[in-house]
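What the coordinates show
The lines below spell out each chain.
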Amino acid sequence: MKRQIVFICFMFLCLNITKAQTTSEFFGNAMKYKAKENYTEAARLLSKALALDPDNIDFKKEMADVQYNKRSYYEAIPLYEEILTADQDNITYLARLSEMYSMSPKKMKSVEYAERALKLKPKDGEINKMLARSFLEVQHYTRAIKLYQDAEKSLPEDKDIPFKIAYCYSQIADYPNAMIYYNRSLELDPDNATKLYEAANNASDAGNYKHALELYQSAEDKGYFKTTAFYANWANACIELKDFNAALFYYSKAKEFAPYDRQINFSIADVYSQKGDYTKCREILDQMLELNPNDAEVIYTIGMSYYKAGKTGKAESYFSKAFELDPSLRSLRVAKSSF
């Protein structure tokens, strides 16, 4: 009987040793894959280790880190929230949770974690960059700017930070400061077509239309993805400089992407009107009317083209029809001489 008990104890000990060895092997191999940035394989092996030792906090920390690095945030968030209960002032965990929630519908949860992290007075640039994103996502731009600027002090070569600061300034209509940071962003990343395009839009918003045209051209040269909006914005800057032929050229490019876009066609008609070419203006509007014969605004604008050309009788017939379709347009009658 004693021999049987000894044998059972020996087998139990062997099983535990084998289990420990297996768990250790899974974890060790997972760390090797993590070091090689093969996070998928690292996560697979960590899952096996956790299945054998589900309460191991070190395994959970590594799994959270791996899931974060492989951008499986829905897996990483609950792990970080669990391990944070035992380490409530871990600023890295707080910042990562803030960052991950900023990319989810629960954006105020992101701010909640950011506020907790900020109480710890972070100095690390990457941490401040993550926290800044939380406030950018909820459109608290002034706070985002401050945190991005703090991050920039530690990460002066980061290509993303000046662009984000510029964007935040543009959202609060501080176009001069936005331009400073767009320029700084382009110094670090001069071939980035997206940054060139956004800088062009900002220059246009700031009223610096000549600079905007230079930037739109650079964005096109660097391969910015061509869209209706891209060429329409370019055309708008041309209009501000009274370069109507250039405006028509870029509106025509915009129209290639959306030939029946109502606003683009209206804009083209308006350019012809500003040039004094009312016949060409009406050609565009007539084409629009074919798409919707009861478009009161188009009918009214045709009337305006006749009014500007001095054909008031013809104009009044179009005005009357437009007012029948949309009585709210009557308010424009008193202002029509300013068109």
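Just so it is clear, the structure is predicted and the values come from calculations on it, not from any experiment.

On to the pattern of salt bridges, then. For the structure shown, the criterion picks out 20 salt bridges. Salt-bridge contacts for Arg-44 lead to Glu-41; the nearest nitrogen and oxygen are separated by 2.4 Å. With Arg-44 and Glu-41 both in helix H2 (residues 39-52), this residue pair falls 3 residues apart, about one helical turn. For Arg-143, the salt bridge goes to Glu-115, with nearest N and O atoms at 2.7 Å. On the criterion of sequence distance, the pair formed by Arg-143 in helix H8 (residues 141-154) and Glu-115 in helix H6 (residues 107-118) is long-range, its members being 28 residues apart. Residue classification places Arg-143 among the partly exposed residues on the basis of a relative accessible area of 30%. Given the relative accessible area of 28%, Glu-115 is considered partly exposed. Bridged by salt links that share partners, the residues Lys-34, Glu-62, Asp-65 and Arg-96 form one connected network.

Turning next to the side chain of Ser-102. Within the element layout of this structure, Ser-102 appears in helix H5 (residues 91-102). There is a polar contact of 2.5 Å between the side chain of Ser-102 and the backbone oxygen of Glu-99. In this structure Ser-102 touches Lys-107, Ser-110, Arg-133, Ser-134 and Glu-137, once residues within four positions along its chain are discounted.

Before going further, it helps to spend a moment on helix H9 (residues 161-171). Of all 11 residues in H9, 8 are buried, a share of seventy percent or more. The secondary structure elements touched by the buried residues of H9 are helix H7 (125-137), H8, helix H10 (175-188) and helix H11 (193-205). A positive backbone phi angle near 60 degrees is found at Ala-173, which sits one or two residues after H9.

Here the distance between the centres and the angle between the planes together describe a pair of aromatic rings. One pass over the full model with this rule turns up 25 aromatic pairs. Judged by centre distance (5.9 Å) and plane angle (65 degrees), the ring pair of Phe-163 and Tyr-182 falls under edge-to-face. Separated by 19 residues along the polypeptide, Phe-163 in helix H9 and Tyr-182 in helix H10 bring together distant segments of the chain. With a relative accessible area of 15%, Phe-163 lands in the buried category. On the basis of an interplanar angle of 20 degrees and a centroid distance of 5.6 Å, the ring pair of Tyr-306 and Tyr-318 is categorised as stacked. Of this pair, Tyr-306 sits in helix H17 (residues 296-308) while Tyr-318 sits in helix H18 (residues 312-325); the two residues are 12 residues apart in sequence, bridging distant segments of the chain. Pairwise contacts between aromatic rings join Tyr-197, Tyr-216, Tyr-224, Phe-230, Tyr-231, Trp-234, Phe-249, Tyr-250 and Phe-257 into one cluster. When the ring centre of Tyr-306 is taken as origin, the NZ or CZ atom of Arg-282, which lies over that ring, is 3.9 Å away.

The next subject is the side chain of Ser-273. Tracing the chain through its elements places Ser-273 in helix H15 (residues 262-275). Judged by its relative accessible area of 8%, Ser-273 is buried. In this structure, Ser-273 is in contact with Tyr-278, Cys-281 and Lys-308, ignoring residues within four places of it in sequence.

Okay, the packing of H11 against helix H12 (residues 209-221) next. Interhelical geometry of H11 versus H12 gives an angle of 165 degrees and a closest axis separation of 8 Å. Classified by the angle between their axes, H11 and H12 sit roughly antiparallel to one another. In the crossing of H11 with H12, the sense of the turn from one axis to the other is left-handed. Seen from H11, the contacting residues are Ala-193, Leu-196, Tyr-197, Ala-199, Ala-200, Asn-201, Ala-203 and Ser-204; seen from H12, they are Tyr-209, His-211, Ala-212, Leu-215, Tyr-216, Ser-218 and Ala-219. Grouping the amino acids of the contact of H11 with H12 by side-chain chemistry returns 11 nonpolar, 4 polar and no charged.

Attention now goes to the packing of H6 against H7. The geometry of H6 relative to H7 is characterised by a closest axis approach of 9 Å and an angle of 140 degrees between their N-to-C directions. Here H6 is positioned oblique relative to H7, judged by the angle of their axes. In terms of crossing hand, the pair formed by H6 and H7 is left-handed. Listed contacts from H7 to Lys-107, Ser-110, Val-111, Ala-114, Glu-115, Ala-117 and Leu-118 of H6 are Leu-131, Ser-134, Phe-135 and Glu-137. Its residues assigned to classes, the contact of H6 with H7 shows 6 nonpolar, 2 polar and 3 charged.

In a regular helix each residue adds 1.5 Å, so 14 residues correspond to 20 Å; H8 covers 20 Å between its end C-alpha atoms and thus fits that length. Elements in contact with the buried residues of H8: H6, H7, H9 and H10.

Averaged over every residue, the pLDDT of the protein is 91; the share at 70 or more is 92%. Counting contacts from residues 5-19, a segment whose pLDDT is below 50, to residues more than four positions away or on other chains yields 1 contact.

Cut-off values and rules
Residues numbered from 1 in each chain as written. Predicted model: local features only at pLDDT ≥ 70, side-chain atom pairs only at ≥ 80, totals over all residues. Heavy atoms only, no water. Salt bridge = Lys/Arg side-chain N within 4 Å of Asp/Glu carboxyl O. Helix = DSSP H or I, 4+ residues; strand = E, 2+ residues; numbered from the N terminus. Buried < 20%, exposed > 50% of the residue type's maximum accessible area, 1.4 Å probe, protein only. Polar contact = N/O pair within 3.5 Å; in protein donor to acceptor, adjacent residues only side chain to side chain. Contact = heavy atoms within 4.5 Å. Phe/Tyr/Trp six-rings, centres within 6.5 Å; stacked < 30°, edge-to-face > 60°. Lys NZ or Arg CZ within 6 Å of the ring centre and 35° of its normal. Axes fitted to C-alpha atoms, helices over the stretch in contact; angles between N-to-C directions. Parallel < 35°, antiparallel > 145°, perpendicular 65-115°, else oblique. Left-handed = near helix turned anticlockwise from the far one by under 90°. Nonpolar A, V, L, I, M, F, W, Y, C, P; charged D, E, K, R; others polar. Expected span 1.5 Å × (residues − 1). pLDDT = per-residue confidence, 0-100.

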